[in-house]
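Take a look at the letters that make up each chain.
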Amino acid sequence: MSYYDEDYYNEPSEFEQQVDAFKESLLNAVKEEHKAEIERLRKENAELQEVKQNLESIKREYNQKVAELGIQKNNLKNEVRRERLLELMGDFKAELFSPRTKWMSGPKCNKCDDKRRIPFLSPSGKEMVEDCSCKNNILIYEPRTNICSSFEVRNGKFMAWYKSYSVDRADGMELESLGVSDVAKFIWAGEKFEDIKDYYKAYFKTEEDCQSYCDWLTDQESNKVKS
Ligand SMILES: [Zn+2]
């Protein structure tokens, strides 16, 4: 068969048939491959969606854990602060008692009237009155309540300020508007009353102890009068 043989061009040669068959099988193969590829991609996409969803839930869990840890951290911080404060505060009391003086009248004498006043005439002849010496002639001591008005930690030391408080004087009043505050430097811890230098600087944890000291102070005053 010559290369220029017409039949070679007009009639499909075996070679051409083979080429066609090959083309078709190639096309089918490509289609199959394409289908497989699409299938693979679909599968991969589904897997990725699952991964994405897992990732979202992991993210959510993570954020939740972070938030929980934040709360735990703050709780722990507060706990440490509270413990430290309690340690610093020691046996801190919000209320302390201290002695205060009060004048009282002893038995009435016979020189004065019902209100313990004595009438007299002024140099110009005017009628006047004066308090009798039997009025408010006895000095007594009684416990006064002091309330912690503020506190702070200075140089690692707990300090508290107290303000005197009595229901009749301060009822309904804000603590801020009550007089001056004082740091309770001396809080009685069983010392002898004789050894307390300044009675007005002494603070007591219980009203009973303060009362005992007040009774002792009152006794000292009456001894002064007697002597
Ligand atoms: Zn009198």
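Everything in this summary refers to the structure shown in the same document. (Residues numbered from 1 in each chain as written. Predicted model: local features only at pLDDT ≥ 70, side-chain atom pairs only at ≥ 80, totals over all residues. Heavy atoms only, no water.)

1. Here's the deal with helix α2 (residues 14-89)
Stage number 1. With 76 residues, α2 extends 108 Å from end C-alpha to end C-alpha; this agrees with the ideal 112 Å at 1.5 Å per step.
Stage number 2. Two residues or fewer after α2 comes G90, characterised by a positive phi angle close to 55°. (Helix = DSSP H or I, 4+ residues; strand = E, 2+ residues; numbered from the N terminus. Expected span 1.5 Å × (residues − 1).)

2. Considerations on a nonpolar patch on the surface
Stage number 1. Taken together, F22, L26 and V30 make up a surface patch of nonpolar side chains, about 300 Å² in accessible area.
Stage number 2. Residue placement: F22 occurs in helix α2.
Stage number 3. Residue classification places F22 among the exposed positions, given a relative accessible area of 52%. (Patch = residues over 30% accessible without salt bridge, like charges linked within 9 Å, V, L, I, M, F, W, Y side chains within 5 Å. Areas by Shrake-Rupley, 256 points an atom, 1.4 Å probe, with all protein chains shown as cover. Salt bridge = Lys/Arg side-chain N within 4 Å of Asp/Glu carboxyl O. Buried < 20%, exposed > 50% of the residue type's maximum accessible area, 1.4 Å probe, protein only.)

3. Side note on the side chain of E221
Stage number 1. Structurally, the position occupied by E221 is in helix α4 (residues 207-226).
Stage number 2. If we skip the residues at most four places from it in the chain, E221 touches L139 and Y141. (Contact = heavy atoms within 4.5 Å.)

4. What about unusual backbone geometry?
Stage number 1. Even without a glycine there, the phi angle at R116 is positive, about 55°.
Stage number 2. Mapped onto the fold, R116 is located in the loop between β1 (95-104) and β2 (117-121).
Stage number 3. Since its relative accessible area comes to 16%, R116 is described here as buried.
Stage number 4. At N136, a position not held by glycine, the phi torsion is positive, near 50°.
Stage number 5. Mapped onto the secondary structure, N136 falls in the loop between β3 (127-131) and β4 (138-154).

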